[in-house]
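Observations on the model geometry
Here's the letter readout for the chains.
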Amino acid sequence: MYKADTIAAVATPPGEGGVAMVRLSGPDAKHIGREILAREDVEWKSHRLYYGKVRDPARGSLVDEVMFAFLQGPRSYTGEDTVEIHCHGGPFVVRQLLGLVLARGARYAEPGEFTKRAFLNGRLDLTQAEAVLDLIRSRTDKAVDVALGQMEGGLSQEVQGLREQLVDALVQVEAAIDFPEEEIELLQREELARKVVGIVDKITLLVDSYEWGRLIREGVRVCIVGRPNVGKSSLMNALLGVDRAIVTATPGTTRDFIEETVNLNGLPVVLWDTAGIRDRTEGVEQIGIDVTLERLAESQGCVLVLDGSSPLTGEDMDVMERVRERQGLVVINKFDLQQRIERPAVSDCLPGLQQVEVSALTNQGLDGLKAALRDCFLDSAEEPEVVVTNVRHKAALERARVSLVEVHRAIDQGMPPDIVAVDLQEARDSLEEIIGTVTNDDILDRIFSQFCIGK
Ligand SMILES: Nc1nc2c(ncn2[C@@H]2O[C@H](COP(=O)(O)OP(=O)(O)OP(=O)(O)O)[C@@H](O)[C@H]2O)c(=O)[nH]1
Ligand SMILES: [Mg+2]
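This report concerns the structure included in the present document. Treat the numbers as computed from the prediction; the structure is a model and nothing was measured.

Some points on the overall build of the protein
When helices and strands are tallied, the protein shows 15 helices and 12 strands. In terms of overall dimensions, the protein has a C-alpha envelope of 85 × 80 × 35 Å along the principal axes. Considering the protein as a whole, with its 455 residues, one finds that 41% of them fall into the buried category. Considering only contacts within the protein whose residues lie at least 6 apart along the sequence, 69% involve residues at least 24 apart.

Below, the structure is given as structure tokens:
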């Protein structure tokens, strides 16, 4: 358990802002708040917002005019008595206010300590606490949806359900240990084995949802490549909806790579526009091409751009060769012009890549390209109901699955019930680690140290 002292921190980001908030939590929160706010005339009713003036008691000078609230535990985020002081958002004011609070005996909070207390006081389980961090870090609406679902207990309920099924199975097996003369009957064995398979299948669904969740959270890095002048920068601009990259009719315009992120219906895609690849160059352009090849190697996917209005060139063939075996798309650009490209040759060279026709000039085909690009990485039809976004959860689920496979084997081979019970218990422990029923301090420290101070 934690030391029940009073902690304080600034909960808002550093820098200038309309307001900033200093938060205190713990048994002395109210007392310290009363001292620095010096409003004897208000009753400090819980969950009310009051106006007050903070004075520096040493000098008697005014520090700031503030709004403050007292939230009596357990009806607060941490479950403890909490005071929130909303002051003007200037770094100096905030520092002075925090200094006053600390001088009255509050301790400067560690990263994530407010949320850790919420967990230790049973306000949140571990998956919900971790979802708070996911929510803060979300970059798209989809990532927010997933984090909020987890915060509301979506994953906990799923894991709790599986855990209860395991406990039922365990009761059955332990009864067989206690009454050895009533060996696990064949029928019971079969029923037990079926149950275990059912649980393993559900765990597999959860484990598989991780990849989906990771993409939604972290996104994919996609490199736009092609020979010079095919319209890579034009395509980048069209996808972004703004003129970000320079476009000219001169081949070799882009020298350095440009990075921008687009949100493709919830999937963050980091696009890299690169220098056109061609032979026999030197100087700055050659350096640009070297950078392109590095980016291509680092990307998770590629968009190969070809100029539909011209027959394939040796340079096109060279670039196609470089993206063979890669995940991605072929874009046939300049579809607004007369088409001269030999499409069958493209299919022969890159049979695995879908070809999408667009005009970066008129935006024709752009929505289709966005949808195809998203589908390349994220299968829309397979959006899981509950998404595992956290590698810790995934690892624990995988451990539970390994134990359950052992359980199944033991049942199959007619092993004695105490052997079956050991693996069942291990599977149960792994699931309990996810929600935090069993944890150790190391795990908690590792989780909460990823938070910012003040959360
Ligand atoms: N008609 C037509 N012209 C296009 C289209 N897309 C690009 N262009 C023109 O093609 C030329 C080259 O476009 P860029 O976007 O600079 O081509 P790039 O592939 O980035 O070229 P580098 O940076 O030199 O490798 C410009 O004159 C564009 O206006 C299109 O869809 N249709
Ligand atoms: Mg360019």
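Text resumes after the structure shown.
Description of the sheet that holds strand S3 (residues 49-55)
The mixed open sheet is built from six strands, whose spatial order is S3-S4-S5-S2-S1-S6. Sheet topology places S3 and strand S6 (107-108) at the edges, where each strand pairs with a single neighbour. As paired strands, strand S4 (residues 62-71) and strand S5 (residues 82-89) are joined by five bridges and run antiparallel to one another. Pairing of Leu71 across the sheet is with Thr82, part of S5.

Some details on the site of ligand 1
Near ligand 1 there are 24 residues, and of these Gly231, Ser233, Ser234, Thr254 and Gly276 occur at the shortest range. By residue number, the principal contributor to the shell around ligand 1 is helix H8 (residues 232-240), which donates three residues. Its residues placed into classes, the shell around ligand 1 shows nine nonpolar, 12 polar and three charged.

Examining the packing of helix H13 (residues 391-412) against helix H14 (residues 417-435)
The interhelical angle for the contact between H13 and H14, taken along N-to-C directions, is 165°, at an axis separation of 8 Å. Relative to H14, the element H13 is oriented roughly antiparallel. Seen along the crossing, H13 lies across H14 with a hand that is left-handed. Across the interface between the two elements, His393, Ala396, Arg399, Ala400, Ser403, Leu404, Glu406, Val407, Ala410 and Ile411 from H13 touch Ile419, Val420, Asp423, Leu424, Glu426, Ala427, Ser430, Leu431, Glu433 and Ile434 from H14. Of the residues assigned to the contact of H13 with H14, the class counts are 12 nonpolar, three polar and five charged.

A closer look at the sheet that holds strand S8 (residues 258-264)
Taken in spatial order, the six strands line up as S8-S9-S7-S10-S11-S12 in an open sheet, and their pairing is mixed. Sheet topology places S8 and strand S12 (354-357) at the edges, where each strand pairs with a single neighbour. Within the sheet, the average angular offset between the axes of one strand and its neighbour, ignoring direction, is 25°. As paired strands, strand S7 (residues 220-225) and strand S10 (residues 301-307) are joined by four bridges and run parallel to one another. Considered in S10, the bridge of Val222 is made with Gly301.

About the cut-offs
Residues numbered from 1 in each chain as written. Chains lettered and ligands numbered in written order. Predicted model: local features only at pLDDT ≥ 70, side-chain atom pairs only at ≥ 80, totals over all residues. Helix = DSSP H or I, 4+ residues; strand = E, 2+ residues; numbered from the N terminus. Buried ≥ 20, exposed ≤ 12 C-beta atoms within 10 Å, placed from the backbone. Contact = placed C-beta atoms within 7 Å. Pairing = 2+ DSSP bridges. Near = placed C-beta within 6 Å. Nonpolar A, V, L, I, M, F, W, Y, C, P; charged D, E, K, R; others polar. Axes fitted to C-alpha atoms, helices over the stretch in contact; angles between N-to-C directions. Parallel < 35°, antiparallel > 145°, perpendicular 65-115°, else oblique. Left-handed = near helix turned anticlockwise from the far one by under 90°.

As far as function goes, none of this settles anything; it's purely spatial.
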